[in-house]
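What follows is each chain in one-letter form.
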Amino acid sequence: MHLVQRRKLDIFIEGHALPRVEHMLGEAGFKGWSVFEGVEGSGAHGGWRQTGIGESAAFLVIAIGSVEACDTALDWLADYFRTYPGVVAVSDVSVMRAERF
Amino acid sequence: MLETAWSAASANLLAPAILFFVLGAFAGWAKSDLSVPDQVAKILALYLMMAIGFKGGVEANASGFTAEFARAGGFGLAFSFLAPFAAFAVLRFVCRIERITAAATAAHYGSVSVVTFAAGSEYLRSIGVEFSGHMAAVLALMETPAILAALLIVGSNGRAPGARFQPALWREVLLNGAALLLTGSFVIGLITGEAGMARIGGFVSGALFQGVLCLFLLDMGVIAARRLAETRTLRLVHVMFATAWPLLSAMFALFAAKVLGLSLGDATLLAVLSGSASYIAVPAAIRMALPKADAGVYLPMSLAMTFPFNLVIGIPLYHAAAQWIIG
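Okay, so let's go over this structure. Computed from a prediction, not measured in an experiment: that's the story for all the values here.

**Describing the overall build of chain A**
- A count of helices and strands for chain A gives two helices and six strands.
- Across chain A, helices and strands are ordered from the amino to the carboxyl terminus as β-α-β-β-β-β-α-β.
- When its C-alpha atoms are laid out on the principal axes, chain A stretches across 45 × 30 × 20 Å.
- Of all 101 residues assigned to chain A, the portion counted as buried reaches 25%.

Written out as structure tokens, the structure reads:
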């Protein structure tokens, strides 16, 4: 089994930021990513919950790519998080089918 | 007047919609697992906005563009834009709320609640008081000016970078789903008139509308109670503002309605709109434009305090006051 080292970003953001973050990931060189909608959770400001009446929930964007793409994305996110809520976690991962990342 | 208000309040408290709201609030308070699935709640909200807009448009089609509409709409626009400045002064200097959060909260109180409007309309229908269809258009006009006022109050220092001219923000402010559906449905009702009503009248009014409103309010009761239970940062001054400000706004609107020569029903709805606070359209825009504002303050105030207050006490009280002022 052939595995290749790549870097993974787990980005938690508010709903309104999703189009901008997805655009940024494409520009940074990621070939793909996945978006998951949060239902409820708890953060630095206490609990939050998707209410179903239009209040935006938190979204998790998972992106796996090269070190260079991750560094470009992290620079953008560092600037973004100076203004808006959100967090990002970075980890090294082993992937199959390296050409897809 | 007090006797009339008490009698109206008693009748309101026994309406199915209010009792379902109370049931939801009890379920939320008691930590019951009762809940309306998120996607269903969104469909219910979409339905209510579509029905309110469409019915308003059909009625406006029948009555035509009247001077009364122009006066009510003009007041609504001006109130929605100017009220946040007064609310901000009280929140900042009386309630001692931090500047950006005070501006964000003020925006919520300048804007309006669609569901409070729906409950107010149903209350008037239940007691046989007529009102104009164009009040749904006044509702749509009052949705967004308060957001612009909040941006002006805060100035460039507290806004997100580029918030004033950020296309995404303007899209959120002007084309948010709630405002677009409400306005669009009103226009469709205006175009199709009675012919349109003959086709889908059974879908947007009567028992179906009442039932959906009950189900939506059940969900709102659960959400409001849970939101209140999770609130950590609210103080007594927040509670006082959330209940006293709607009263002041509603009274101001009623005296303005008297000057403008509005009917009893329209005056009551104008008071309901002025006394209500947004919890759908404005929070979404504020998250984008004023990200440093504390959602733990403005959301519980508008959703968990002002909304239930208006629903249970405010609506019949505003109508009783309207009878006294308008005659």
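**Comments concerning helix 10 (residues 177-204) of chain B**
Residue and element names in this part refer to chain B.
- Between the first and last C-alpha of helix 10 there are merely 18 Å, a value that for 28 residues lags more than 12% behind the 40 Å anticipated at 1.5 Å per step.
- Largest kink in helix 10: about 105°, centred on glycine 193.
- Residues of helix 10 that are buried make contact with helix 3 (38-63), helix 6 (114-126), helix 7 (135-141), helix 11 (206-230) and helix 14 (281-289).
- Positive phi shows up at glycine 206, right after helix 10, with a value of about 70°.

**Comments concerning the nonpolar core**
- Leu48(B), Ala103(B), Leu139(B) and Ala150(B) are the most contacted members of the largest nonpolar core, which totals 121 residues.
- What Ala103(B) contacts, discounting residues up to four positions off in sequence, is Phe88(B), Ala150(B), Ile153(B), Val154(B) and Leu290(B).
- Listed in part, the 15 residues of the second largest apolar core include Ile11(A), Val21(A), Ala69(A) and Ala73(A).

**Focus: the environment of Phe131(B)**
Residue and element names in this part refer to chain B.
- You can see phenylalanine 131 is positioned in the loop between helix 6 and helix 7.
- In the structure, phenylalanine 131 is positioned 44 residues away from leucine 175 in sequence and 27 Å away in space, judged by C-alpha atoms.
- Excluding its chain neighbours within four sequence positions, the residues that come into contact with phenylalanine 131 are Ser121, Leu124, Ser263, Gly265, Asp266 and Leu269.

What counts as what
Residues numbered from 1 in each chain as written. Chains lettered and ligands numbered in written order. Predicted model: local features only at pLDDT ≥ 70, side-chain atom pairs only at ≥ 80, totals over all residues. Helix = DSSP H or I, 4+ residues; strand = E, 2+ residues; numbered from the N terminus. Buried ≥ 20, exposed ≤ 12 C-beta atoms within 10 Å, placed from the backbone. Expected span 1.5 Å × (residues − 1). Bend = angle between axes of the 7 residues up to and from the residue. Contact = placed C-beta atoms within 7 Å. Core = buried A, V, L, I, M, F, W, Y, C linked by C-beta atoms within 7 Å.

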